[in-house]
Amino acid sequence: MSVRDPILHSVPIAELRPTQMTVGYREVAAKRKRWREVADKDREAFLGSHMIPVLLGPKKKRYVIDHHHLTRALQEEGVESVFTTVVADLHHLEKDAFWVVADHRAWVHPYDSHGLRRDVGDMPKRIEDLADDPFRSLAGELRRAGGFAKDTTPFSEFLWADFLRRNIKRKDVKDDFSDALNEAMELARSKDAAYLPGWSGPHEG
């Protein structure tokens, strides 16, 4: 038997720890809507095919390293437990060493809703405590609209969010999301965005 075979564990969402400080609340709302569209008889299969990757950290607590938006959405929809799969067992490490390893492996994104790096001690303890970053929502919508391609780079949409944060006023995103998305699309096709993962090239025509 391969030790790499995923093992599913049903874990209460309330016990999961985040490895990032924010989510885009509009993204969460979209995932809540998708969940409500899943028929009751198909929901267990949906959860089984959307298992949450976690690190086993100190005291064997499970730290979510992807699908924070989905996990938050399911929690808000009243789902109490999700399936998780352990990507790395680091429970034997001291807390400081655990966070150093997580940081170097790009398993943690300790940036707040203003894009500022914070101490891992400021990390929310619960999925429900994740703050809103409207620029993360804008980046997600921009990708779905074809502004950039999905990429395997860790936290790629947060990199796009940071780029947009530096070029679009926060007030504009909150006041008129559609207009901000149009502005984001123009920025995404500019050469200024060429360093970002999934960049689709300059707009022509």
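Above this text sits the structure in question.
Residues numbered from 1 in each chain as written. Predicted model: local features only at pLDDT ≥ 70, side-chain atom pairs only at ≥ 80, totals over all residues. Heavy atoms only, no water.

Undergrad: Can you lay out the side chain of Thr71 for me, pointing to particular residues and giving the numbers?
TA: Tracing the backbone through its elements, the reader meets Thr71 in helix α3 (residues 68–76). Setting aside anything within four residues of it in sequence, one finds Thr71 in contact with Ile13, Leu16, Ile52 and Ile127. (Helix = DSSP H or I, 4+ residues; strand = E, 2+ residues; numbered from the N terminus. Contact = heavy atoms within 4.5 Å.)

Undergrad: Any details on unusual backbone geometry? Residues and values, ideally.
TA: Its identity is not glycine, yet Lys59 carries a phi of approximately 60°, on the positive side. In this structure, Lys59 sits in the loop between β3 (52–56) and β4 (62–64). Positive phi, normally seen in glycine, also occurs at Lys60, with a value near 60°. Note that Lys60 resides in the loop between β3 and β4.

Undergrad: Describe the packing of helix α5 (residues 134–144) against helix α6 (residues 156–165), with residues and values.
TA: For the pair α5 and α6, the least separation of the axes is 8 Å and the interaxial angle reads 110°. Classed by the angle they form, the pair α5 and α6 counts as roughly perpendicular. When you trace α5 past α6, the crossing you get is right-handed. Across the interface between the two elements, Phe135, Arg136, Leu138, Ala139, Gly140, Leu142 and Arg143 from α5 touch Glu157, Phe158, Trp160, Ala161, Leu164 and Arg165 from α6. A class-by-class count of the residues in the contact of α5 with α6 yields eight nonpolar, one polar and four charged. (Axes fitted to C-alpha atoms, helices over the stretch in contact; angles between N-to-C directions. Parallel < 35°, antiparallel > 145°, perpendicular 65-115°, else oblique. Left-handed = near helix turned anticlockwise from the far one by under 90°. Nonpolar A, V, L, I, M, F, W, Y, C, P; charged D, E, K, R; others polar.)

Undergrad: So what about the nonpolar core? Which residues, and what values?
TA: By size, the foremost hydrophobic cluster in this structure holds 20 residues, and its most contacted members are Leu138, Leu142, Trp160, Leu164 and Ile168. Elements represented by at least two residues in this core include exactly α5, α6 and α8 (177–188). Sorting elements by how many residues they give to this core places α8 first, with seven residues. Ignoring sequence-local partners within four residues, the contact set of Leu142 consists of Gly147, Phe148, Trp160, Leu164, Leu181, Ala184, Met185 and Ala188. (Core = buried A, V, L, I, M, F, W, Y, C linked by side-chain atoms within 4.5 Å. Buried < 20%, exposed > 50% of the residue type's maximum accessible area, 1.4 Å probe, protein only.)

Undergrad: How would you summarise the pairing of β3 if you had to cite specific residues and measurements?
TA: Extensive coverage of β3 is indicated by the burial of five of its five residues. With burial as the criterion, each face of β3 is covered, one bearing Ile52, Val54 and Leu56 and the other bearing Pro53 and Leu55. As defined by bridge partners, β3 adjoins strand β5 (residues 81–89) across five bridges and the pair is classed as parallel. Bridging from a neighbouring strand, Pro53 pairs with Thr85 of β5. Two strands pair when backbone bridges link them, and β3 and β4 are joined in this way by three bridges, in the antiparallel orientation. (Pairing = 2+ DSSP bridges.)

Worth remembering: the numbers are spatial, not functional.
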